[in-house]
Amino acid sequence: MRVADGVEKVEGTRVGNAYLCLGEDGVLVVDTGMPGNAGRILRAIERLDRGPRDVRVIVLTHWHPDHIGSAAALQRATGAPVAIGAFDAPVLAGHGLPARGRRAMRLILAILRIHAIEPDLVLRTGDGVGGWEVVDVPGHTAGSIALRRGDGVVITGDALLGDGHGRLRGPDPGLSLDPAQARASARSIVALGPSLVLPGHGSPVRSPRPTDPALAEPGR
Ligand SMILES: [Zn+2]
């Protein structure tokens, strides 16, 4: 489904959203959902009259399994480099899982058969990738990143979410490494004045406002 000029949301991905950004030099894949989505993503690329070899970069907004799950399969199919934020790169590569919940996460990754991926590219605030600018939005994970385009479209991963009805949701405190920092990052994204938020879960959110209740401190 076309969600913005030159941006497709892959339909029916398991759990996390995946986006295809079309540029003059090829396709940027942003997030891959759970394992088992590679075929679906590749078919979506073909529907855009592009092929696997047109994928320039597979960008992962953060290391969580419901975003990186199909990255390895997609990399095998396309030969494209995998990129992730600097502070999430070690986790993707198989070391440096956060202490909190480490044992449970190891088990989840093993059950899902998600293996370590050595990232080819490490991204930081201000870097450019396929016509998008990288913005560090730490808190949900240490290395969470968002991608911003000149027209105000922002792909946020889990730093800022949608509810499925075009309304904003803040980052989930229970699933965030540092909930206070995650909330601050969510606010910082909205402070950029995005025209459209393309979240890691839920549907696109148009022109969110800093006063949105989803960004309020808990208990206020
Ligand atoms: Zn996440």
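Keep in mind that this is a model prediction, so the values were computed, not measured.

A. Just the sheet that holds strand β2 (residues 7–9), in detail. Here seven strands make up an open sheet; going across it, the order is β1-β2-β3-β4-β5-β6-β7 and the pairing mixed. Sheet topology places β1 (2–4) and β7 (121–123) at the edges, where each strand pairs with a single neighbour. Taken over all neighbouring pairs, the strand axes of this sheet differ in orientation by 30° on average, direction set aside. Where strand β5 (residues 55–60) meets strand β6 (residues 82–85), three bridges bridge the pair, whose relative direction is parallel. Its bridge partner lying in β6, L60 is registered against I84. Helix α1 (residues 38–47) contacts β3 (19–23), β4 (26–30) and β5 of the sheet and is inclined by roughly 30° relative to β3. Each of β4, β5 and β6 touches helix α3 (residues 71–78); the most contacted strand, β5, lies at about 170° to it.

B. Representation of the sheet that holds strand β8 (residues 128–129) in the model. One open sheet holds the six strands; their spatial order is β8-β9-β10-β11-β14-β15, and the pairing between them is mixed. Strand pairing shows two members of the sheet lacking a second neighbour, β8 and β15 (205–206), which therefore form its edges.

C. Geometry of the nonpolar core. By size, the foremost hydrophobic cluster in this structure holds 29 residues, and its most contacted members are L20, V29, I41, I58 and L60. The set of elements that each furnish at least two residues to this core consists of β4, α1, β5, α3, β6, α4 (89–92) and α5 (102–111). The contacts of I41, once residues within four sequence positions are left out, are V10, A18, L20, V29, T32 and L74.

D. Representation of the pairing of β4 in the model. Within β4, five of the five residues are buried, leaving the element largely enclosed by the surrounding structure. Both β3 and β4 contribute to a ladder of five bridges, which runs antiparallel. Counted as the bridge partner of L22 is V27 from β4. Sheet topology places β4 next to β5; four bridges connect them, and they run parallel. Across the sheet, V30 pairs through a bridge with V59, a residue of β5. As for the winding sense of the linkage, the β-α-β connection from β4 through α1 to β5 is right-handed.

E. Examining the side chain of T78 more closely. With respect to the secondary-structure elements, T78 resides in helix α3. The buried category is assigned to T78, whose relative accessible area is 2%. Among the polar contacts made by the side chain of T78, one reaches the main-chain amide nitrogen of A80 at a distance of 3.1 Å. With residues up to four places along the chain from it excluded, the contact list for T78 reads L42, P52, R53, V55 and I58.

Conventions adopted
Residues numbered from 1 in each chain as written. Predicted model: local features only at pLDDT ≥ 70, side-chain atom pairs only at ≥ 80, totals over all residues. Heavy atoms only, no water. Pairing = 2+ DSSP bridges. Helix = DSSP H or I, 4+ residues; strand = E, 2+ residues; numbered from the N terminus. Axes fitted to C-alpha atoms, helices over the stretch in contact; angles between N-to-C directions. Contact = heavy atoms within 4.5 Å. Core = buried A, V, L, I, M, F, W, Y, C linked by side-chain atoms within 4.5 Å. Buried < 20%, exposed > 50% of the residue type's maximum accessible area, 1.4 Å probe, protein only. Right-handed = clockwise from strand over helix to strand, strands pointing away. Polar contact = N/O pair within 3.5 Å; in protein donor to acceptor, adjacent residues only side chain to side chain.

Worth remembering: the numbers are spatial, not functional.
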